[in-house]
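Commentary on secondary and tertiary structure
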There are 2 protein chains.
Amino acid sequence: MTTVYQRVVFVAVIATALSSLSVAANNKDAKLTGLLHNEDCTDFFYNAIIPEGNAGDVIDRYVDVIADAGVTVLLCNVNARRTNYRSNVWEAFWDGYDPEKGESDPFLTPIAPELRKAYARLLGNMHEVHRQGVDYPARVIERCRQRRMSPWISLRMNDVHYNDNLKHPFHSDLWRKPELFRQGHVGYYARALDFKHAQVRDHYRALIVEVLERYDVDGLELDFMREPYLFSKGEEVDGSKILTTWLRDIRGFIDQASKRRGHPIKLGVRVPSEPRTALGLGLDAPTWSKDRLVDLLVATPRWETMHFDIPLAEWRRLLGNRVTLAGGLEVRYCHYPGSPVEYRNAECAAGAAVAVLSQGADVVYLFNHFQNGDWPEPGYKRLLNAMSSLDKLKKLPRRHAVTFRQVHVPGEAYRAPLPVTRQAISFHLPLGPLPPDGWKANAVIEVTNKDAKATRLFINGIECPLQDTKALPKGHQQLTYSTPNSALPGRNEDTIIVTASGQMAITVFRVEVRLHPGS
Amino acid sequence: MTTVYQRVVFVAVIATALSSLSVAANNKDAKLTGLLHNEDCTDFFYNAIIPEGNAGDVIDRYVDVIADAGVTVLLCNVNARRTNYRSNVWEAFWDGYDPEKGESDPFLTPIAPELRKAYARLLGNMHEVHRQGVDYPARVIERCRQRRMSPWISLRMNDVHYNDNLKHPFHSDLWRKPELFRQGHVGYYARALDFKHAQVRDHYRALIVEVLERYDVDGLELDFMREPYLFSKGEEVDGSKILTTWLRDIRGFIDQASKRRGHPIKLGVRVPSEPRTALGLGLDAPTWSKDRLVDLLVATPRWETMHFDIPLAEWRRLLGNRVTLAGGLEVRYCHYPGSPVEYRNAECAAGAAVAVLSQGADVVYLFNHFQNGDWPEPGYKRLLNAMSSLDKLKKLPRRHAVTFRQVHVPGEAYRAPLPVTRQAISFHLPLGPLPPDGWKANAVIEVTNKDAKATRLFINGIECPLQDTKALPKGHQQLTYSTPNSALPGRNEDTIIVTASGQMAITVFRVEVRLHPGS
């Protein structure tokens, strides 16, 4: 069953040895390997200090941190509602801004005063890089080549930041036209663009054509997770046909660019974790794969929380083996909508990555994993360097947790798994491969004080004795159960059952399993 | 979302009104509706009494029972390893048999003596129908048209009955050639034909061409569930490509026949319940659907037990909305491999049909539901007449049960859900829509005597009080729990949890939910 694939990989390895170029760049059908990292269009510019005449070096150092972290494919995002480079077809972020005036520029007046300084710095840095004659994406790509990373461009296909304030300088002209907004929604996504309009599709097409013309990349990603709401309510099925037809044109541009450049260029898409959600929103990835329109599919949660159970085996069945299948990691862990957030928790990241690689994805894909965040650099590099390999990941402490899905199909009646009040409740949660010998496993749940003494927990049919309790705010308790090794068969088909020991229903707020070397 | 489909249905209704022909016969893209019934190639001939000069009437009466039972599409199976009609390209069942000699014909010598009489009757009846100048499939088709049923031919694509006895007159020459057998298996399926051989594919193609030439049907079904093992072990992926290419030719014949006949002819396939099983065996139904090669997909268990949880929603996502999706019913209910069998249990049939229609299939498909069996005719007709409609089915007592999967991908490590020994165990079992007001629901499980007093049962998180116990053979007990209405939300996402009330693991042999009007 694997001979064809093995042959492709073998050829790829030979080619790499001969040319010192990346696998992705040389072999049309080779899958991506290693670790994929999406670098958004603003983080560098929000944080960088750009000395006179030195913008290129600052960019290089930024890319170097990513390379040193073991990233093999850097997906450089260059747009939201404007571009972070001097585009000829889209407005740039800084168009209309006068850096001499800084924060006092009337251009920034629509921004809340407390946020103006940061935005001025963002625009100032973008402008400064450009003023120094440095083309940011080109420089990132060049440094990627030097550091043996495969460079991609990633385009956000429907970013909606600040859409409650249409005067915000974040928007370009097109986003201020109500006739282009998708219909039938209120709230955050109400003013996303409706891709049924040719004007919208043409706007993105122009950007795609420009980046393919201008930048020598190994791949182009269309990021439909910023945002996945592309059509008016009820028009998703018709919309999916429009989008697939449009994507066929885009594939044509990719293939032309590939011919022009003399090397393969891949097309990737980011879509919601669950096939049914993607399909319900008009993102017909199975057809895109079947028709060989896309080479990379990233199945991923959206911002609010990471997922530990992306249905990657189902995706694989839908997509076949040709496409590189990536599982996406977000940086937030929430156990239920509105719950306290754990941000950049290394154990959660390791657990989510183990779930991705042990359930049939080819690679892990990182989103919003910024080097300048709350994550100290050495730990960041150590963690990311493990993410190319299940063997390395298995040696890190990790957590698997029940979370929820933020992206819904319009009209869908979705209920998050937690919190839940029941006399008995079961959770399917893949716990990944067996931990190293001598490691401990703990199940951790959160309940109310009244339920703390009336709760039993079973993993894969084996009761886990209560080991520890800890008081939490709001009259909650954290219960830690000792999980016998026999309860972890390492087959990723794990079931956690929580029951009331008496007749009263209990309320469960959090469910996790933690694997760690300590006692 | 539904406008296109609604338009098709509307056109279909008009066309039916104008022509008095069935929907299926008139509209290329109309889905099948009603109830589909597969009539195997032997049941009529095993049981019929054929008076001189009257074969046609006897066939008509047989078809009439099916029509009166509310069947809308009759799939007439005409072959196993021979044909039940006078084929020009395959041997007929009776070729080589001398009806004058009857049971004493040396042709029957390879058959065990106690089985010879029945087989002689089978062959004698087939021969007699032919001798009277009646073409059985043609007569069935004609009577279907008179009774406003849509006639199909169904072909078994790899029947393996009696393959442990290659001298059995059931086999034709092709099946006695070891070089055509699939490799890498022992047991019942070891001597199935390997479709990698052009000789095998050509043999079936000849039969397909003949039936399309000879019989004016609305559809042709390729029954890959007799049997789904078409390739040597490890060659399923390559095999699937061969099969899809071959199927493309067959679709061509279908389309030619359709043109010749002046009405649409559909192509259907029967495949295993679960997409992953079908794909793993080389039956790439998603591609067949995508490439518009097939119009009907029947997802179905094999013989040993019916399924109450065919993943029809997953099938729908894989196939899209164009294809008619049917869920298959078998006549046996087994709770675990080797368990006692309940045969033709009307409550189980109703439950399985409810599961099919409430989970996204268009229609129920009956296999081995013979009118001459242990099922008295009035009950048979009443039950079948309800199967076109979820509303009618809901008014019948029904059972939903945990069963198991008989068809495995070679090398797959499959474990049946029952029996199971655990301290706690959960089962996902769709229980269908809410029962009528005033109905009762009971969960029924089977455990050992020692566990009977130590078991708790929860449905959808609500504990069900023990209502009744009943002694069973072998030191087992049947426990009946009263299920509160609040535990049945009618959303088909039901979970049954069984736990030990103490510290000892319990063994569960059977899990069912029964819905009934009684107290």
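Figured I'd write up the structure that's included with this text. Keep in mind that what you see is a predicted model, and the values were worked out from it rather than measured.

Cut-offs used in this document
- Residues numbered from 1 in each chain as written.
- Chains lettered and ligands numbered in written order.
- Predicted model: local features only at pLDDT ≥ 70, side-chain atom pairs only at ≥ 80, totals over all residues.
- Pairing = 2+ DSSP bridges.
- Helix = DSSP H or I, 4+ residues; strand = E, 2+ residues; numbered from the N terminus.
- Axes fitted to C-alpha atoms, helices over the stretch in contact; angles between N-to-C directions.
- Contact = placed C-beta atoms within 7 Å.
- Buried ≥ 20, exposed ≤ 12 C-beta atoms within 10 Å, placed from the backbone.
- Expected span 1.5 Å × (residues − 1).
- Parallel < 35°, antiparallel > 145°, perpendicular 65-115°, else oblique.
- Left-handed = near helix turned anticlockwise from the far one by under 90°.
- Nonpolar A, V, L, I, M, F, W, Y, C, P; charged D, E, K, R; others polar.
- Least-squares fit on C-alpha atoms with pLDDT ≥ 70 in both.

Residues and elements named next belong to chain B. Taken in spatial order, the four strands of this open sheet run β13-β19-β15-β16, and their pairing is antiparallel. At either end of the open sheet lies a strand with only one pairing partner, and these are β13 (424-428) and β16 (462-463). Of the pairings in the sheet, the one linking β13 to strand β19 (residues 495-500) comprises five bridges and is antiparallel in character. Bridged to His-428 within β19 is Thr-495.

Turning our attention to the sheet that holds strand β6 (residues 296-300) of chain B. Residues and elements named next belong to chain B. Here we have eight strands rolled up into a closed barrel, ordered β1-β2-β3-β4-β5-β6-β7-β10, and parallel in their pairing. Taking the axes of each pair of neighbouring strands and ignoring which way they run, one obtains an average angle of 25° across the sheet. Sheet analysis places strand β3 (residues 150-156) next to strand β4 (residues 219-223), joined by five bridges and oriented parallel. When the bridges of β4 are listed, Arg-156 appears paired with Asp-223. In this fold helix α11 (residues 312-319) packs onto β6 and β7 (324-329), with an angle of close to 150° to the strand it touches most, β7.

Residues and elements named next belong to chain B. On strand β10 (residues 363-366), burial covers both faces: Val-363 and Tyr-365 on one face and Val-364 and Leu-366 on the other are all buried. Bridge count for strand β1 (residues 35-39) against β10 is three bridges, and the pairing is parallel. Its bridge partner being in β10, Leu-36 is matched across the sheet by Tyr-365. In terms of strand pairing, β7 meets β10 through four bridges, oriented parallel. Its bridge partner lying in β10, Ala-326 is registered against Val-363.

Residues and elements named next belong to chain B. Helix length check: helix α12 (residues 346-358) (13 residues) gives 18 Å between terminal C-alpha atoms against 18 Å at 1.5 Å per residue, within 8%. Here α12 lies mainly inside the structure; 11 of its 13 residues are buried. Within α12, the full set of buried residues consists of Glu-347, Cys-348, Ala-349, Ala-350, Gly-351, Ala-352, Ala-353, Val-354, Ala-355, Val-356 and Leu-357. Of the residues trailing α12, Gly-360 is marked for its positive phi of about 115°.

All names here are of chain B. The contact between helix α7 (residues 198-214) and helix α8 (residues 236-261) brings their axes to 10 Å, and the two run at 15°. Classified by the interaxial angle, the pair formed by α7 and α8 is roughly parallel. Between α7 and α8 the crossing geometry is right-handed. Residue-level inspection shows Arg-201, Ile-208, Val-209 and Leu-212 of α7 in contact with α8, the latter providing Trp-246, Ile-250, Phe-253, Ile-254 and Ala-257. Here the residues of the contact of α7 with α8 are counted per class, giving eight nonpolar, no polar and one charged.

So, about unusual backbone geometry. A cis amide bond, omega -10°, links Leu418(A) with the succeeding residue Pro419(A). Mapped onto the fold, Pro419(A) is located in the loop between β11 (398-401) and β12 (420-422). Positive phi, normally seen in glycine, also occurs at Asn460(B), with a value near 50°. Here Asn460(B) shows up in the loop between β15 (455-459) and β16.

Okay, the interface of chain A and chain B next. Contact with chain A, which involves 21 residues of that partner, is made by 21 residues of chain B. Going through the elements one at a time, α9 (275-280), α11 (312-319), β13 (424-428), β16 (462-463) and β19 (495-500) of chain A are the ones with two or more residues in the side of chain A that touches chain B. Class assignment for the residues of the side of chain A that touches chain B results in 10 nonpolar, six polar and five charged.

What follows covers the relation of the copies chain A and chain B. Superposition record for chain A on chain B: RMSD 0.1 Å, screw rotation 179°, translation along axis 0.0 Å. Taken together, the turn and the small shift mark the pair as related by a two-fold rotation axis.

Time to look at helix α8 (residues 236-261) of chain A. Residue and element names in this part refer to chain A. With 26 residues, α8 extends 36 Å from end C-alpha to end C-alpha; this agrees with the ideal 38 Å at 1.5 Å per step. Listing the buried residues of α8 in full gives Glu-236, Gly-239, Ser-240, Leu-243, Leu-247, Ile-250, Ile-254 and Ala-257. Those residues of α8 that are buried lie in contact with α7 (198-214), β4 (219-223), β5 (266-272), α9 and α10 (285-290). A positive phi of about 80° marks Gly-262, the residue just after α8.

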